[in-house]
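Spelled out, the chains give:
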Amino acid sequence: MSADAETGRGDRGDRRSRILGDLRGTRNIGIAVTSTVVFFVVVAVVIANSAGWPEVRKAFFDRKLFGDSFPEVGHAFLLNIRIFCIAEALILVFALAIAVLRGLPGPVLFPFRLLAVLYTDLFRGIPTILVIYILGFGAPALQLSGVPNSPLFWGVTALVLVYSAYVAEVYRAGIESVHPSQEAAARSLGLSRAQTLRYVIVPQAVRRVIPPLLNDFIGLQKDSALVALIGPIEAFRQSQIDVAATFNYTPYMATALLFILLTIPLARLTDWLIARDRRRQSAGGAR
Amino acid sequence: MRARATALKLEAVHKSFGSVEVLRGVDLEVGEHEVVCLIGASGSGKSTLLRCVNLLERIDAGRIFLHGEEITRRDVDVNAVRRRVGIVFQAFNLFPHMTVLRNVTLATSRVLHKPRAEAEAEATALLERFGLADKRAEYPDRLSGGQQQRVAIVRALAMQPELMLLDEVTSALDPELVAEVLNVIRELADGGMTMVIATHEMSFARDTANRVCFLDAGRILEQGPAEEIFTHPREPRTQQFLERIIAAGRL
Amino acid sequence: MRLKPILLLGATALLALVASGCGGGSKKSAAPKSSGCSVDQLNLVHKGQLTVGTDNPAFPPWFGGTPPKGSTWKVSDPNSGQGFESAVAYAVAGKLGFKKGDVHWVVVPFEQSFKPGSKSFDFDINQISYTPARAKSVDFSDSYYDVNQALIGLKGTPITSAKTSADVKKYKLGVQIGTTSYAYVTKNIKPSQQPSVYNTSSDVNSGLKAHQIDGIVVDLPTAFYITAVQIPQATIVGQFPTVGTPEHFGMVLAKGNSLTSCVDKALASLKSAGTIAKIQQEWLSNKASAPVLK
Ligand SMILES: Nc1ncnc2c1ncn2[C@@H]1O[C@H](COP(=O)(O)OP(=O)(O)OP(=O)(O)O)[C@@H](O)[C@H]1O
Ligand SMILES: [Mg+2]
């Protein structure tokens, strides 16, 4: 068989979601529902009967405080959304540039490859929180003219630098997983190296790396809270303020809920994209 | 035979991979509208030879001319040369993320800058000619091997090359699919396409080739009209090779 | 796909169940109230000793003394009895009947001071302001210090010429998380830019030094320490006037702790004897010198 077409083979037909397994028929669904309910009820009863529960409930699940802080935290969450939307867009482009740089051939371009390797090693090595501190407090203190000193700017920059290092590696794995014969085929048609990358290699690479890519983005969404360390009031910081004002942890639950609500659609989107791709490539031309 | 203009000329071409010398001074001339088949044992350098002509591999010594113009000079635009030379691979190498139509129009629209409508009309006409009109919206994975290889041939043809290089285009196919691809090649030969074909299909070579070249250990050991090579091989190595082929039932 | 809503329903049901505390569980009664305040009657974490919490590092002027070699305390040593809060803690301990050696200090980060469940300290003394909302989760002692907020800026920057609260509005201010300074800024100063909020006081200082903020809002005694020691290139622009009920620091105790009333009694007698005033004079005397931002 052609060496380049290993993807998708043997996966014809619709694959069921792994969570739901092979549930078919009302009987199985009935069993699944019953066992699910029983499981959760048992867990709930165990928790609710623990000695410390009343106190924990008051400290973490205060309904009134939840209602009070949710709008505030929700408003602050818009900042998180802004942070990672901007960061994600920049990362997608920047990381691809790094990955492509790393794959450039020839001895003349060695310095660029070296730079790309150093970059990925460095920024995957340093904890994100440190990069945020160092850039957030260090870079503006230099007082270079023309360089903004807004903590938001430096927070986003730090996230872009750190996550691009990861995403560049993901891209690189994707690019390397595309068989060299694909490049040969494209070049033999007269496409330039850049065109080959753009129309043949990168589209295939990106499709293959969407799941790990989105996984990194879920991590990024959560890490947007780290920007709070250098001042901006995003959801986590807002809930922290509310917690400090009330000495009650319920606002944290509001923040947790918001983050979950955001990640679930992204996870579902990943699944959907994978399924769609599989359908497209192996279930005929119909789109 | 009437003298033809020279389409392709190789002069003392050498190619090594590391310390292994794969081509050891190949001289070859291919006339306009001529069909030349390369035969030879596995590893004799057939694929390497074709890849060198397409400039997918850089040669170490010697020169290659395309219609009198040297294409192995350092300052030559390799992309421009490749536009003029089509190559079809054993493994098809279709782009799996594109429909058949996009596979065919990618180079015509991005390299030749044809308007989309024109590129698609031409591609559709070609696909129709090779019985693939109903597959234009399919993705390659949904096609049989024979269909995929025909698409690969159409993809190369769409560039209207001066020369086609075919590298064992049937060896990855199930036996019952070989014929459909060979018919396409015959049709091209009848249409006057200049072709260099590396193949193990000896009967096909006999039917279609104007000339057969026997490649052995990186050299063209013997060449001549198909009839002559197959019935009266002069070199002992050629005889050995053909005997093995006959024993394997491939001639 | 059809099953997803059911799963979701299950999860929601669980959340609801947990949140509403199904199955109840009887409310754990707080430690028994006793009216006596002699050492053996006190409700203590460790019998016979008073365990006092504060954060590490403990900063002047609230704490003083140099930590001895090998000590885990940074910047100041609470065991020294030096610094305002250390001195108050020892005075209260003395009134309750403890010898100096019976007082043990433990590190309690701010967020730990109000976590549910058993506490590692008898009381926590860490510049924590009383608010009615906070008092729903923990016990507060009566005031041991009435606090004013102050403004710090880098010398020579525009903010240092501010004369009134209104002058400060247009600047980017920074505060430490957990302080009532944030509430003061948002409720009373109402600046045009959202204030920056940092995890620690050193992060706030870094923010000022990095010009990410124009000014720090912090309680006045801390402001004196910051400008004298931590950021010498900064200056106190002024102190803010009290708005509404004066803000005060109280010691934090477990909710419903019988010890609270004993601490209050001790504080009351220390106040009427003038001891607290004397301690304040000793450690926080320079308060008068900051101009008030009307
Ligand atoms: N990229 C490469 N790097 C190193 N060695 C190579 C490379 N490509 C080909 N070779 C070697 O060159 C020799 C000739 O290979 P080539 O593919 O040209 O032979 P072939 O005649 O096409 O054989 P086959 O009939 O099996 O296709 C082989 O020994 C092969 O291992
Ligand atoms: Mg070959």
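Residues numbered from 1 in each chain as written. Chains lettered and ligands numbered in written order. Predicted model: local features only at pLDDT ≥ 70, side-chain atom pairs only at ≥ 80, totals over all residues. Heavy atoms only, no water.

Asks: Residue-level account of the overall build of chain B, with values.
Replies: Along its length, chain B carries 9 helices and 10 strands. Rg of the C-alpha trace for chain B: 18 Å, near the compact-globule value of 18 Å for 251 residues, within the 12% margin. Oriented by its inertia axes, the alpha-carbon framework of chain B measures out at about 55 × 45 × 40 Å. Here chain B holds 251 residues, and 58% of them are scored as buried. For chain B, long-range pairs separated by at least 24 residues make up 66% of all intrachain contacts whose partners lie at least 6 apart in sequence. In the structure as shown, chain B presents an accessible area of about 10600 Å², 46% of it carried by carbon and sulfur atoms. The averaged location of the 35 negative side-chain charges in chain B is 4 Å from the averaged location of its 32 positive side-chain charges. (Helix = DSSP H or I, 4+ residues; strand = E, 2+ residues; numbered from the N terminus. Rg over C-alpha atoms; globule rule 2.2 N^0.38 Å. Buried < 20%, exposed > 50% of the residue type's maximum accessible area, 1.4 Å probe, protein only. Contact = heavy atoms within 4.5 Å. Areas by Shrake-Rupley, 256 points an atom, 1.4 Å probe, with all protein chains shown as cover. Lys, Arg positive; Asp, Glu negative; His and termini not counted. Charge placed at Lys NZ, Arg CZ, Asp CG, Glu CD.)

Asks: I'd like a description of the packing of helix 2 (residues 84-96) of chain C against helix 7 (residues 259-272) of chain C, backed by residues and values.
Replies: All names here are of chain C. Contact geometry of helix 2 with helix 7 gives a least axis separation of 9 Å together with a crossing angle of 105°. Relative to helix 7, the element helix 2 lies roughly perpendicular. Between helix 2, through Ala91, Val92, Lys95 and Leu96, and helix 7, the contact on the second element is made entirely by Cys262, Val263, Ala266, Leu267, Ser269 and Leu270. (Axes fitted to C-alpha atoms, helices over the stretch in contact; angles between N-to-C directions. Parallel < 35°, antiparallel > 145°, perpendicular 65-115°, else oblique.)

Asks: Account for the pattern of salt bridges, naming residues and giving values.
Replies: If you walk through the whole model with that rule in mind, you get 25 salt bridges over all chains. The closest approach of N and O atoms between Lys64(A) and Asp68(A), which form a salt bridge, is 2.8 Å. Taken together, the residues Lys64(A) and Asp68(A), both in helix 3 (residues 63-102) and 4 residues apart, mark about one turn of the helix. Residue Glu34(B) is joined to Arg211(B) by a salt bridge in which the shortest nitrogen-to-oxygen separation is 2.9 Å. Separated by 177 residues along the polypeptide, Glu34(B) in the loop between strand 2 (20-31) and strand 3 (35-39) and Arg211(B) in strand 9 (residues 211-216) bring together distant segments of the chain. For Glu34(B), a relative accessible area of 7% corresponds to the buried category. Taking relative accessible area as the criterion, Arg211(B) reaches 14% and is therefore assigned buried. Salt bridges sharing partners connect three or more residues here, namely Arg102(A), Asp121(A), Arg124(A), Glu169(A), Arg172(A) and Glu176(A). (Salt bridge = Lys/Arg side-chain N within 4 Å of Asp/Glu carboxyl O.)

Asks: Describe the site of ligand 1, with residues and values.
Replies: Residue and element names in this part refer to chain B. Phe17, Val22, Ala41, Ser42, Gly43, Ser44, Gly45, Lys46, Ser47, Thr48, Glu168 and His200 make up every residue found near ligand 1. Here an oxygen atom of ligand 1 sits 2.5 Å away from a polar atom, N or O, in the side chain of threonine 48. Starting from 630 Å² of accessible surface for ligand 1 in isolation, the protein chains cover 58%. Sort the elements by how many residues they give to the shell around ligand 1 and helix 1 (residues 46-53) lands first, with 3 residues. Considered class by class, the residues forming the shell around ligand 1 number 3 nonpolar, 7 polar and 2 charged. (Near = heavy atom within 4 Å. Polar contact = N/O pair within 3.5 Å; in protein donor to acceptor, adjacent residues only side chain to side chain. Nonpolar A, V, L, I, M, F, W, Y, C, P; charged D, E, K, R; others polar.)

Asks: How would you explain the state of the cysteines if you had to name every residue and give the values?
Replies: Throughout this description, disulfide means a covalent bond between two cysteine sulfur atoms. Residue and element names in this part refer to chain C. Here the structure, examined in full by the defined rule, presents 1 disulfide over all chains. The side chain of cysteine 37 participates in a disulfide bridge whose partner is cysteine 262; the two sulfur atoms lie 2.0 Å from each other. The disulfide joining cysteine 37 to cysteine 262 has a torsion of about -85° about its S-S bond and is therefore left-handed. Taken together, the residues span a long stretch of sequence, with cysteine 37 in the loop between helix 1 (4-20) and strand 1 (50-54) and cysteine 262 in helix 7 at a distance of 225 residues. Given a relative accessible area of 22%, cysteine 37 falls into the partly exposed group. (Disulfide = S-S within 2.5 Å.)

Asks: So what about the side chain of Ser196(C)? Which residues, and what values?
Replies: Relative to the elements of secondary structure, Ser196(C) occurs in strand 8 (residues 196-198). In this structure Ser196(C) comes out as buried when scored by relative accessible area, which is 1%. Discounting chain neighbours no more than four positions away, the residues touching Ser196(C) are Pro151(A), Gly231(A), Pro232(A), Lys172(C), Leu173(C), Gly174(C), Val175(C) and Ile213(C).

Asks: Describe the packing of aromatic side chains, listing the residues and the values that go with them.
Replies: If you walk through the whole model with that rule in mind, you get 31 aromatic pairs over all chains. Plain terms: the ring middles of Phe77(A) and Phe259(A) are 5.0 Å apart, the flat faces sit at 85° to each other, and that makes the pair edge-to-face. Here the residue Phe77(A) occupies a position in helix 3, and Phe259(A) occupies one in helix 10 (residues 250-282), the gap between them amounting to 182 residues. When sorted by exposure, Phe77(A) lands in the same class as Phe259(A), which is buried. Grouping aromatic residues by their ring pairs yields a cluster made of Phe60(A), Phe236(A), Phe247(A), Tyr249(A), Tyr252(A), Phe110(C), Phe114(C), Tyr130(C) and Phe140(C). Taking NZ or CZ as reference, Arg155(B) lies 4.5 Å from the ring centre of Phe95(B), over its face. (Phe/Tyr/Trp six-rings, centres within 6.5 Å; stacked < 30°, edge-to-face > 60°. Lys NZ or Arg CZ within 6 Å of the ring centre and 35° of its normal.)

Asks: Can you tell me about the confidence of the model for chain B, naming the residues and giving the values?
Replies: In low-pLDDT regions, the fine details of the predicted coordinates are not to be read closely. With 98% of its residues at a pLDDT of 70 or more, chain B has an overall mean of 91. As a predicted assembly, this complex carries a pTM of 0.76 together with an ipTM value of 0.91. (pLDDT = per-residue confidence, 0-100.)

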